[in-house]
Amino acid sequence: MSFSTVMSAAIDGLHVEPVHVEADISNGLPMIHMVGYLSSEVKEASERVKTAIHNSGVQIPAKKIIINLAPATVRKRGASFDFPIALSMLAALGEIPGKKLEGTMVIGELSLDGSLREVPGVLPIVAEARNLGCTRCILPQGNASEGALADGIEVFGAETLGQAVGFLKGETQLPCAERSCGGAGRTCREDEVDFGDIQGQDAVKRAVEVAVAGGHNILLIGPPGSGKSMVARRIPTILPKPSYEESLEITRIYSVLGMVDKENPLMKERPFRSVHHTVTRAALTGGGLIPSPGEISLAHGGVLFLDELAEFKKQVLEVLRQPLEERKIRINRARGGYEFPADFMLVAAMNIATTKLIQWETAEKPENKAFRGFCGFIFSFFEPVSVCGSSSVF
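All values reported here derive from a predicted model rather than from experimental measurement.

Draft legend 1. Spatial organisation of the overall build of the protein chain. Regarding its fold elements, the protein chain presents 15 helices and 19 strands. Burial statistics for the protein chain: of 394 residues in total, 49% are counted as buried. Put simply, 72% of the contacts in the protein chain that link residues at least 6 apart link residues at least 24 apart. In the form shown here, the protein chain has an accessible surface area of approximately 17,900 Å², with 48% of it arising from carbon and sulfur atoms.

Draft legend 2. Expanded view of the pattern of salt bridges. This structure, assessed with the given rule, holds 16 salt bridges. Arg270 is paired through a salt bridge with Glu246; the nearest N and O atoms lie 3.5 Å apart. Of the two residues, Arg270 sits in the loop between helix H9 (244-256) and strand E11 (272-275) while Glu246 sits in helix H9, which places them 24 residues apart along the sequence. Judged by its relative accessible area of 11%, Arg270 is buried. Linking Arg327 and Asp343 is a salt bridge whose minimum nitrogen-to-oxygen distance equals 3.6 Å. Note that Arg327 is positioned in the loop between helix H13 (321-326) and strand E15 (328-333) and Asp343 in the loop between strand E16 (336-341) and strand E17 (345-350), a separation of 16 residues in sequence. Sharing partners across several salt bridges, the network here consists of Glu326, Lys328, Arg330 and Glu339.

Draft legend 3. Here's a closer look at helix H7 (residues 202-214). With 13 residues, H7 ought to run about 18 Å at 1.5 Å a step, and its terminal C-alpha atoms sit 18 Å apart, in line with that. Of the positions making up H7, those classed as buried are Val204, Lys205, Ala207, Val208, Ala211 and Val212. For H7, the angular spread of buried residues about the axis comes to 160 degrees, placing them on one side. Those residues of H7 that are exposed and angled more than 90 degrees off the buried face are Asp202, Arg206 and Ala213.

Draft legend 4. Inspection of helix H3 (residues 82-93) at higher detail. Counted at 1.5 Å a residue, the expected span for H3 with its 12 residues is 16 Å, and the 17 Å between its end C-alpha atoms agrees. Across the 12 residues that make up H3, a large majority, 11, are buried. The positive-phi residue at the C-terminal boundary of H3 is Gly94, with phi of around 90 degrees.

Draft legend 5. How the structure looks around the packing of aromatic side chains. Considering all chains together, one arrives at 2 aromatic pairs under this definition. Between Phe156 and Phe167, the aromatic rings sit 4.9 Å apart at their centres with planes inclined by 40 degrees, giving tilted as the arrangement. Within this pair, whereas Phe156 is found in strand E9 (residues 154-158), its partner Phe167 is found in helix H6 (residues 161-168), the two being separated by 11 residues in sequence. For the pair formed by Phe156 and Phe167, the shared burial category is buried.

Draft legend 6. Main features of the side chain of Ser111. Looking at the element boundaries, Ser111 is found in the loop between strand E6 (109-110) and strand E7 (116-117). With residues up to four places along the chain from it excluded, the contact list for Ser111 reads Ala52 and Arg117.

Draft legend 7. Highlighting the packing of helix H4 (residues 122-131) against H9. Between H4 and H9, the shortest axis-to-axis distance is 7 Å and the interhelical angle comes to 115 degrees. Residues Val122, Leu123 and Pro124 of H4 pack against Leu248, Thr251, Arg252, Ser255 and Val256 of H9.

Draft legend 8. Structural context of the side chain of Arg136. Relative to the elements of secondary structure, Arg136 occurs in strand E8 (residues 136-140). Buried charge without a salt bridge: Arg136, with Glu154 as the nearest opposite-charge side chain at an N-O distance of 6.1 Å. Side-chain polar atoms of Arg136 contact the side chain of Thr104, separated by 2.9 Å. Residues in contact with Arg136, not counting those within four places in the same chain, are Lys100, Gly103, Thr104, Met105, Ile153, Glu154, Phe156, Phe167 and Leu168.

Draft legend 9. Structural view of the nonpolar core. The biggest cluster of nonpolar side chains holds 41 residues, and the ones touching the most others in it are Ile67, Leu69, Ile85, Leu87 and Leu161. Among the elements that line this core, the one with the most residues is H3, at 8 residues. The residues touching Leu69, leaving out its near neighbours within four places in the chain, are Val19, His20, Val21, Met34, Val35, Gly36, Leu38, Val42, Lys76, Phe81 and Ile85. The next biggest cluster of nonpolar side chains, apart from the first, holds 34 residues, and it includes Ile250, Leu324, Tyr338 and Phe344.

Draft legend 10. Expanded view of the environment of Gly337. Along the chain, Gly337 falls in strand E16. Expressed as a C-alpha distance, the spacing of Gly337 and Ile290, which sit 47 residues apart in the sequence, is 9.8 Å. When near neighbours in sequence (up to four residues on either side) are disregarded, Gly337 contacts Ile331 and Asn332.

Draft legend 11. Up close: unusual backbone geometry. Residue Pro71 is bonded to the preceding Ala70 through a cis peptide linkage, with omega at 5 degrees. Despite not being glycine, Tyr37 shows a phi value in the positive range, around 60 degrees. As for its placement among the helices and strands, Tyr37 is situated in the loop between strand E3 (31-35) and helix H1 (40-43).

Basis of the calculations
- Residues numbered from 1 in each chain as written.
- Predicted model: local features only at pLDDT ≥ 70, side-chain atom pairs only at ≥ 80, totals over all residues.
- Heavy atoms only, no water.
- Helix = DSSP H or I, 4+ residues; strand = E, 2+ residues; numbered from the N terminus.
- Buried < 20%, exposed > 50% of the residue type's maximum accessible area, 1.4 Å probe, protein only.
- Contact = heavy atoms within 4.5 Å.
- Areas by Shrake-Rupley, 256 points an atom, 1.4 Å probe, with all protein chains shown as cover.
- Salt bridge = Lys/Arg side-chain N within 4 Å of Asp/Glu carboxyl O.
- Expected span 1.5 Å × (residues − 1).
- Arc of directions from axis to C-beta.
- Phe/Tyr/Trp six-rings, centres within 6.5 Å; stacked < 30°, edge-to-face > 60°.
- Axes fitted to C-alpha atoms, helices over the stretch in contact; angles between N-to-C directions.
- Lys, Arg positive; Asp, Glu negative; His and termini not counted.
- Polar contact = N/O pair within 3.5 Å; in protein donor to acceptor, adjacent residues only side chain to side chain.
- Core = buried A, V, L, I, M, F, W, Y, C linked by side-chain atoms within 4.5 Å.

Structure representation (structure tokens):
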């Protein structure tokens, strides 16, 4: 057999585009030529694949090899096409029965010794493979637990290219990954905290509880050391636990960015994202030539915390208006539009709290550079809830 096709996929924002990896071997000048609107890292796959196949015990004949990643209108990025390219070449050489690759989705990166490395975006790709009618997926072993989160499709994890070849030839067996709903799962916060740890601060706690119950945003104003950040970090602990469907949606976003844990991939806690005031608009909303999710999408279903709110650039805060109203963010590029989820609770904190600042509509604004001509814009995101002594909650 001189021609073969393997099913794979490319990530485009949060959308998954199916990709057919085609290999054709014919007489001609010995070479491996790759086409199909490829990025530089995909073009480099020819050397990785050739060396990995050689180190797996298979000799590539001195023939002309053409690799096509279709459709040619979709940009192919990343190293996840190494594995399907290798299997497509081996099938074209007759090392693997072509029928064994039918209905099989394949993704993975190859090392020069033939071992398989983890790649990002496995969960949405496996879910799309199920929707396309594929019956199984072959992934790197490190991605098997993540891929098993998708129902209705078999997921097999391989450690090396040789293992996958033996499995497709019927010589060896690969374990079928099983979804595990037990255990603690992965949390989105680095340290374990709890809202019950807060001592005192009754007015602030009451205001936070009202904001969480009603799905409102909240602004904490007070002097340094009064506990604003401490309270904010504990807000996710009083939010309702996400359902399994919500956990999958959150995990899907983190999967595309390669931020899931290979042992406990499912996000079972509400996200908490603390953003530094030097953040750019692209980092906050998502961006790039092919946009990827930003901080507001990583906070989807949880809390987005902006400490030192007054230090953020006005242009950066302006981009929050649309996602706060529509619960999603749209990014337009010349090649198309992208839509990312952005249903989050906005929590912000500022250090300065004076009577004049709180009553900025009726009193003269303080001569602080960070607030001059800026207070009205900041408070447009919030409505006053409670004012108590020297600390305020909006």
